[in-house]
Amino acid sequence: MSEAVATEGDRLLADARILTDAELARVAARLRGEVGGTLGEALAYAVGTLGKGVRPALVIAAYRTAGGRSDAIAGVAAAVELVHTYSLVHDDLPCMDDDPQRRGRPTTHVAFDVPTATRVGFLLVPVAVEVLTDALARLDVDVARAGRIASVLLRASGIGGMVGGQWLDLAAEGQALDLAALQNVHRRKTGALIEAACVIGALAGGAPDPLVAVLSEFGRTVGLAFQIADDVLDATATSAQLGKTAGRDATMAKSTYVSILGVEGARREAFRLADLALTSLERGRVDAPSLASLASYIVHRQS
Ligand code: GRG
């Protein structure tokens, strides 16, 4: 997997962000107006503090791979990003990772307060669903497929995915997990939403089930690679590079791929998984250079 492809990944991310960030800005402005007061400001702050946009880029790339052409896919991408954003607002709370910085800015509970940030996280759950259903209507996705898409997103965010993974992650603090247990945490906490991004994009683009299955396997593999790369960056990058506090895993005595395999071993595993993800595309005879570039970006990224 070459770094040149990773540069193409940067370009794809930037293109996807032009579409998705505009959608997120609309959501932020609407929430500021509709909710009003401090809570409206805090919602707009959380939604308007933007990340790299990996999940939206995967939604859009999978959609286009399935033959989708409408820019209204940005609403679907924004919905997936909103789920990710509210998870970060809660993840940073003092009762979880207790982090003062995220995406280069003070976390929502630092910029406002803990009760407000807690409300922001929960309030964004239905907002994400509303943004999703509006976008699916604009894309003219039929009701059965729209229901399937909503179910994929909600399942990935729930006990079998993000929430369950976070729970296991917190419960494992200070304990030495083996690789199988850690893989289960990573797949649920981070991988499930990344896999869902690929599946949702494919379904929205009208992909037949065999193509959905290939993109699901691709997403599952890069989802795990993403969290392993995150473990490596937490141990090797600076807080300025990451826009959040570096070295947090060691401070919180978390088991990570780095604590088990070392930095180089973890890096090699992330690269191996990115290659495996490309193999699943090839095996399924899916020509998806944009997804391949994003897989490369995911394991070569510096932030
Ligand atoms: C609010 C109902 C509710 C649930 C929240 C807290 C929680 C449940 C889940 C947290 C899951 C979590 C923290 C996953 C980590 C994922 C991860 C690696 C984040 C970093 O992703 P990047 O690098 O970040 O894509 P940016 O900022 O670029 O978007």
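Right, let's walk through the structure included here. (Residues numbered from 1 in each chain as written. Predicted model: local features only at pLDDT ≥ 70, side-chain atom pairs only at ≥ 80, totals over all residues. Heavy atoms only, no water.)

Things to note about the environment of Thr133
Then, number 1: Mapped onto the elements, Thr133 comes out in helix H6 (residues 114-138).
Then, number 2: Considering only alpha carbons, one finds Thr133 and Arg69, 64 residues apart in sequence, at a separation of 18 Å.
Then, number 3: Only 3.1 Å separates the side chain of Thr133 from the backbone oxygen of Glu130, close enough to count as a polar contact. (Helix = DSSP H or I, 4+ residues; strand = E, 2+ residues; numbered from the N terminus. Polar contact = N/O pair within 3.5 Å; in protein donor to acceptor, adjacent residues only side chain to side chain.)

Some words on the packing of aromatic side chains
Then, number 1: Across all of its chains, the model carries one aromatic pair by this definition.
Then, number 2: Here Tyr45 and Phe112 contribute two aromatic rings whose centre-to-centre distance is 5.5 Å and whose plane-to-plane angle is 70°, an arrangement assigned as edge-to-face. You can see Tyr45 sitting in helix H2 (residues 37-48) and its partner Phe112 sitting in the loop between helix H5 (108-111) and H6, a full 67 residues away along the chain.
Then, number 3: In this structure Tyr45 comes out as buried when scored by relative accessible area, which is 14%.
Then, number 4: Residue classification places Phe112 among the partly exposed positions, given a relative accessible area of 25%.
Then, number 5: Its end group placed over the ring of Phe226, Arg55 keeps NZ or CZ at 5.0 Å from the ring centre. (Phe/Tyr/Trp six-rings, centres within 6.5 Å; stacked < 30°, edge-to-face > 60°. Buried < 20%, exposed > 50% of the residue type's maximum accessible area, 1.4 Å probe, protein only. Lys NZ or Arg CZ within 6 Å of the ring centre and 35° of its normal.)

Here's the deal with helix H10 (residues 209-236)
Then, number 1: Given a rise of 1.5 Å per residue, 28 residues ought to cover 40 Å, and the 40 Å separating the end C-alpha atoms of H10 matches this to within 8%.
Then, number 2: Counting buried positions over the 28 residues of H10 gives 21, a clear majority of the element. (Expected span 1.5 Å × (residues − 1).)

Thoughts on the pattern of salt bridges
Then, number 1: Applying the stated criterion to the full structure yields 21 salt bridges.
Then, number 2: Close ionic contact of Glu264 with Arg267 constitutes a salt bridge, the shortest N to O distance being 2.6 Å. Highlighted residues: Glu264 and Arg267, both in helix H13 (residues 257-283), separated by three residues, approximately one helical turn.
Then, number 3: Overall, the relative accessible area of 29% leaves Arg267 in the partly exposed class.
Then, number 4: Overlapping salt bridges, with partners in common, bring together Asp97, Asp169, Lys189 and Lys254 in one network. (Salt bridge = Lys/Arg side-chain N within 4 Å of Asp/Glu carboxyl O.)

Remarks on unusual backbone geometry
Then, number 1: Backbone geometry at Asp98 places phi at a positive 50°, although glycine is not the residue there.
Then, number 2: Checked against the element boundaries, Asp98 lands in the loop between helix H4 (73-91) and strand S1 (101-102).
Then, number 3: Here Asp98 falls in the partly exposed class, since its relative accessible area comes to 40%.
Then, number 4: Phi at Ala253 is positive, roughly 50°, even though this residue is not glycine.
Then, number 5: Here Ala253 is to be found in the loop between helix H12 (248-251) and H13.
Then, number 6: A relative accessible area of 41% places Ala253 in the partly exposed class.

Some remarks on the layout of surface pockets
Then, number 1: Volume-wise, the largest pocket comes out at about 1100 Å³.
Then, number 2: Lining the largest pocket are 50 residues, with His84, Leu88, Asp91, Arg102 and Lys244 positioned closest to its centre.
Then, number 3: Elements supplying a minimum of two residues to the lining of the largest pocket: helix H3 (54-65), H4, H6, helix H8 (162-171), helix H9 (179-204), H10, helix H11 (239-242) and H12.
Then, number 4: Among the elements that line the lining of the largest pocket, the one with the most residues is H4, at seven residues.
Then, number 5: Its residues assigned to classes, the lining of the largest pocket comprises 14 nonpolar, 17 polar and 19 charged. (1 Å grid on protein atoms, 1.4 Å probe; cavity = no way out; pocket = protein on both sides within 12 Å on 5 of 7 lines; lining within 4 Å. Points joined across faces, edges and corners; volume = space filled by probe spheres on them. Nonpolar A, V, L, I, M, F, W, Y, C, P; charged D, E, K, R; others polar.)

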